[in-house]
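# Examination of the molecular architecture
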Amino acid sequence: MRVTSLLTVFMAPLAIAVAAPQPNPVAAAAPASTTGLLSELGDLGSLLSQDNINSLNTIIKNGGKLLSDSNLNTLQSILTNADSLLTKEFVDNTTTLIGEATPLLGDVSKLLGSLLGSL
Ligand SMILES: *[C@@H]1O[C@H](CO)[C@@H](O)[C@H](O)[C@H]1NC(C)=O
C-alpha cells in the first residue's frame, strides 16, 4: 500500500468528523424559554438565602472534620452491621410494627394533651 493510500485511509474519519460536527451528546441545549436555574427552581430557589448558604457551609466544613479515617472505619462497620440487620424478615416485622403503632399515636397524643392540659 502506498503512503498516500495509507494517509487516505487514516485521514478519512477525521475529514468526516470535521465536515459533519455532531452536537454534544452529553449536554442538551437549554430550552429557549429558560431564564436560569434559580428561577426554574421557583420556591426552592428562595431556600438559597445567604443565611442558608452560610449554614450549609458550616455543615459541610464540620462534616469534613467528621470524615476522619477512624470515623470512616466506624461508619463502615455500622453500615456493615446495618446491612446484615436489614433482612426481609426484619423489614417486614418493622413495617408491621409501625403499622400497628401508628393508630396508637393518636391516642398517645390525646393522652399527652390532656395530661399537659391538666398541669
Ligand atoms: C419477626 O417476627 C417474628 C414473629 O413475631 C419473630 O419470631 C421473629 O424473630 C422476628 N424476626 C426479626 C428478624 O425480627
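Numbering of residues starts from 1 in each chain and follows the order in which that chain's sequence is written. In keeping with the predicted nature of the model, local features appear solely for residues at pLDDT of at least 70, side-chain atom pairs appear and are counted solely at 80 or more, and the whole-chain, interface and lining totals rest on all residues.

## Quick notes on the overall build of the chain
A run of DSSP states H or I qualifies as a helix once it reaches four residues; a run of E qualifies as a strand once it reaches two. Both are numbered from the N-terminal end. Within the chain, the secondary structure is distributed over six helices and zero strands. Beginning at the N terminus, the succession of helices and strands in the chain can be written as α-α-α-α-α-α.

## Here's the deal with helix 5 (residues 69-85)
In this model helix 5 runs 24 Å from its N-terminal to its C-terminal C-alpha over 17 residues, within 8% of the 24 Å that 1.5 Å per residue would give. With zero of its 17 residues buried, helix 5 lies for the most part at the surface. Expected span, for any helix, means 1.5 Å times one less than how many residues it has. Here a residue counts as buried when 20 or more other C-beta atoms sit within 10 Å of its C-beta, as exposed when there are 12 or fewer, and as partly exposed otherwise, the C-beta atoms being derived from the backbone.

## Examining helix 6 (residues 88-117)
Look at helix 6: 43 Å from first C-alpha to last across 30 residues, which is about the 44 Å you get at 1.5 Å a residue. The angle between axes fitted to the seven residues ending at a residue and the seven residues starting there is what we call the bend at that residue. Bending of helix 6 peaks at approximately 30° at the position of P103. Little of helix 6 is tucked away: zero of the 30 residues are buried.

## What to know about the confidence of the model for the chain
Taken residue by residue, the chain gives an average pLDDT of 76. The fraction at 70 or more is 63%. Scored from 0 to 100, pLDDT reflects the predictor's confidence in each residue. Within the chain, the lowest mean pLDDT, 53, falls on helix 1 (residues 3-19), and the highest, 89, falls on helix 6.

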